[in-house]
Amino acid sequence: MGVLVCGVVVLALVCQSLDGATNSLHRFKRYRESASSEPNDCTTRTRQPMVLSKSGNFSLDVRMPGVSPTTSDTYLCVAVPVPTTRDAYIVDFEPHASMDTAHHMLLYGCRTPVSTTNYWDCGSVKGTCEDEASIIYAWARNAPPTKLPTDVGFKVGGKSRITYFVLQIHYGDVHAFRDHHRDCSGLTLRMTSKPQPFIAGMYLMMSVTTVIPPGKKVTNADVACTYNSYPIYPFAFRTHTHKLGQVVSGYRIRDGKWTLIGRQTPQLPQAFYPATKGINVKYGDTLAARCVFTGEGRTTKTYIGGTSDDEMCNFYMMYYMESRHAAPFQECMEDGSKELFQNIPPEANVPITVPPEMMMHHMMQSAGAQATPEHQDDMALLQPKREEEEVLDQGYHLEEVTDWPESPLQLGQVSGLALDSDDNLVIFHRGDHRWGVNSFDNSGKYQQQSLGPIQQSTILVVDPVKGNVLKASGRNMFYLPHGITTDKDNNYWVTDVALHQVFKLSSDGRDKPLVVLGEAFEPGSDKEHFCKPTDVAVDTVTGNVYVSDGYCNARILKFSPEGKYLSHWGAGSSDRRRRVQFRIPHSLVFLPDRRELCVADRENGRIQCFVAESGEFVKEIKKQEFGGEVFAISYAPVHGGLIYAVNGESAYGRSAPLKGFVINYSTKEILDDFSPENAQEFGMPHDIVVTKDGHVFVGDAATDSVLKFSSDKAEHRSVKKGGIEVQEIEETETIIQTRLKPQHEIEVALAKVQTPVATQQKTAEPVQEQPQKPQQQQEEEDDKEKTLAKQSAQGVSPAVITTLLLIPLVVVISIGVLIRYRKTRLYGDGCEVKLEQTSSGGILGKLRGKAAGGLNLGNFFATHKGYTRQGFDRLSTEGSDQEKDDENDTDSENEEYSAPPPPVGPASSS
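Residues numbered from 1 in each chain as written. Predicted model: local features only at pLDDT ≥ 70, side-chain atom pairs only at ≥ 80, totals over all residues. Heavy atoms only, no water.

### A closer look at the environment of Thr71
With respect to the secondary-structure elements, Thr71 resides in the loop between strand 1 (57-63) and strand 2 (74-81). Sequence separation of Thr71 and Gly172 is 101 residues, and the distance between their C-alpha atoms is 8.5 Å. (Helix = DSSP H or I, 4+ residues; strand = E, 2+ residues; numbered from the N terminus.)

See the structure below:
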């Protein structure tokens, strides 16, 4: 009987799923038919059949179906069904519009659009959606693209309450349609069915009561609200006013301290610009915004409204948050108190002017002309920094962790550091051997063979949190260890300057080399010999091995994973500018995101980077702060790329203090420098590594020690474990405050399971979900479950009866699956949908997130202060209702977000 009931339930679920797919497909087919029912120039030219794909990625064109507006300030909308009943994520937007035709373009998400048959006038009382409309995307006045961080997406379909997209386009000046052509402006949505760990959302701070007196030079509109939800991480902001707005600023207030989120003049293209790096907003913080207006030139009062004669004060904050807590839209419309805004930073009242050079650049570009190099330089100077240039917030600084390690490590001269796949620290040291003036003769031969190999374990795997030794190896093998790295299989690649050899060792503790390069104690400069090789780097994809050779030779050698010689180069052999040759290439690091190899050229005091595959020169970083020596480098592929370096004492006398440096790879700017605390100094910082959670370790060969450095501002880090990226929230953000409501308790079980031991040892423990059970206990419970299953099976009817009952159920399910598969082949989540051919237009980057439920300004103003609904369904993201394209506009550089969700602390590449 139970089997029959189960069969009925499963059959009902299958039928429901098929009905959902059928309904979604029906909506989509209806859209295609209605969109193509009216032949026109552009749709005929761009129409192409559906493109199928077996991957989880697909795309959807959302376009106007060939419209020709006849009146200025016309708002037209078209609805497109979300092409799946399952959860899907928008990860990229590609606009297809020009300011010569469209003043602004908005994309909303909702469940019930005003119309599903054809386009309609949505500037009237009809609006965009019957229910609440959530803004997903905004484009205006040739604004540049904005990209979201990796692993962030706007969630649609499924349970998101968004089953339709509504595209709204404001056609400001219709002189472009004097030839009666038809417009197919719109955008392409790049989507995926792959769940995104972080969901994007929009927070709108908006003033609705501001009145600007005529002729008054300065009027402030202040908005402030207390934040009462789970942590969010802003990554972009957008300002919006009409013609009277001078500057708009947004802030987070925590413990009385104002932290800038973003500040911009709304008279520039109203795009999303990068927010302050590393900022977060948590329960109990206050979010505040100020818009500065001038009433000069007006003869009557100016109110908040929807026409160009009215004003608006909007600060948009684009954020991401963990998917399980996702809130796609939040807003604040409360007036800020005078007492609160007495402490606002003075910068909020400093207008940002739009220079004539930028106006000229924009007018030239809008006319189709090319900007002069001089104007391009002006633009580069005046635009907000690109993401790779805004790497760390101003409070970021590495400081020594003075209580690490908890117990002293028994080390000799520390020559090399590495990280294994678990982010454990791997130390390579010389035990009781020391490199002195009598260690080598003039030809490079080692003179102390009689000492025998080092009897101590020279390779130690150390817990990066407490500093205790986890395992040790490398006994009776090495004479003078130097460099070490790990490959993707956790094998060790090491160099020994006394042996003039390179070794590949297994990390399982067996001191037997897997690969040996070079001849023991025999220096040389051919393909089979090295002379004091210094370091090794391994290509994370191909497994190719790069060796810096070294103290005698000035070259980099490339080998296959098996140790076969492939090629070599020096810093001049493939450099068109014939730069100076290496003088002790001392340290190597492979840049996995750039496919480059960087070299610490010690005695030349520089860092040089090359294309790893060919050895072609890419760039050089040389700073006065290095003092003529660069001993070691490491790399973190975050914020456009960070290089970590340590300098050293020159043989000709110290010319600069010994420090560690954090360097922006793209701009070569030194972002931070660090050194030991308590009036101590580095002795000989010999190697450096950076962990995934932003901790930095420096091996000092003079003091026989390893020092740990950490940022005191690392409140939010990305930590990768087992290929899953989760968020680690420090204890200061996870302690449940007494005022926190139960539904706002911060769940950190996933972070506790997957973050390093450093997080688990904290004294203030947050509220946790059910902890993960030990493996042995889990196996015992599994055995018990199997036993119970066997016992329960003994009470079931004979197998023959069960089989007969299951056969019909299996047949029904098989038929259902077959039908769904055939439907999916025509339409489902795995296909790429292209309704119209993609036209030219800039990529408007990865703008992703869950967008359900939002603020419909049309409905709001229809019920407040007698405002009409006209024009407000665009959610105030356009320049204004009746602003023309000949205003003082300009394009700005593309703002690009390509890094993982931005942590304050950098990640590492081992």
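### Remarks on the sheet that holds strand 14 (residues 245-254)
Pairing is antiparallel across the open sheet formed by four strands, whose spatial order is 12-17-14-15. Either end of the sheet is taken by a strand with one partner, and the two such strands are strand 12 (219-226) and strand 15 (257-264). Across the sheet, the mean angle from the axis of one strand to that of its neighbour is 20°, orientation sign disregarded. (Pairing = 2+ DSSP bridges. Axes fitted to C-alpha atoms, helices over the stretch in contact; angles between N-to-C directions.)

### Quick notes on the state of the cysteines
For the structure shown, the criterion picks out six disulfides. Residue pairing for Cys225: its cysteine sulfur links by disulfide to Cys332, the two sulfurs lying 2.0 Å apart. Its S-S torsion of approximately 85° makes the covalent link between Cys225 and Cys332 right-handed. Of the two residues, Cys225 is situated in strand 12 and Cys332 in strand 20 (residues 329-332); the sequence distance between them amounts to 107 residues. In this structure, Cys225 and Cys332 share a single accessibility class: buried. (Disulfide = S-S within 2.5 Å. Buried < 20%, exposed > 50% of the residue type's maximum accessible area, 1.4 Å probe, protein only.)

### Focus on a nonpolar patch on the surface
Taken together, the side chains of Ile807, Val811 and Ile815 define a hydrophobic patch exposed on the protein surface, amounting to about 250 Å² of accessible area. Summarising the element assignment, Ile807 is placed in helix 10 (residues 799-827). Overall, the relative accessible area of 45% leaves Ile807 in the partly exposed class. (Patch = residues over 30% accessible without salt bridge, like charges linked within 9 Å, V, L, I, M, F, W, Y side chains within 5 Å. Areas by Shrake-Rupley, 256 points an atom, 1.4 Å probe, with all protein chains shown as cover. Salt bridge = Lys/Arg side-chain N within 4 Å of Asp/Glu carboxyl O.)

### Some thoughts on unusual backbone geometry
With an omega of -5°, the peptide bond between Trp404 and Pro405 qualifies as cis. Considering the arrangement of structural elements, one finds Pro405 in the loop between strand 21 (398-400) and strand 22 (414-419). Located in the positive-phi region is Asn476, a residue other than glycine, with phi close to 55°. Within the secondary structure, Asn476 sits in the loop between strand 25 (469-473) and strand 26 (481-486).

### Looking at the packing of aromatic side chains
Taken as a whole and assessed by the stated rule, the structure comprises 28 aromatic pairs. Arranged with centres 5.7 Å apart and planes meeting at 50°, the rings of Trp569 and Phe610 form a pair that is tilted. Placement of Trp569 in strand 33 (residues 565-569) and of Phe610 in strand 36 (residues 606-611) is noted, with a sequence separation of 41 residues between them. Comparing Trp569 with Phe610, the two get one shared label, buried. A network of ring pairs unites the aromatic residues Trp435, Phe440, Tyr446, Tyr479, Phe521 and Tyr551 as a single cluster. Just above the ring of Phe440 sits the side chain of Lys532; from NZ or CZ to the centre is 4.1 Å. (Phe/Tyr/Trp six-rings, centres within 6.5 Å; stacked < 30°, edge-to-face > 60°. Lys NZ or Arg CZ within 6 Å of the ring centre and 35° of its normal.)

Everything listed here is a matter of geometry and, on its own, says nothing about what the molecule does.
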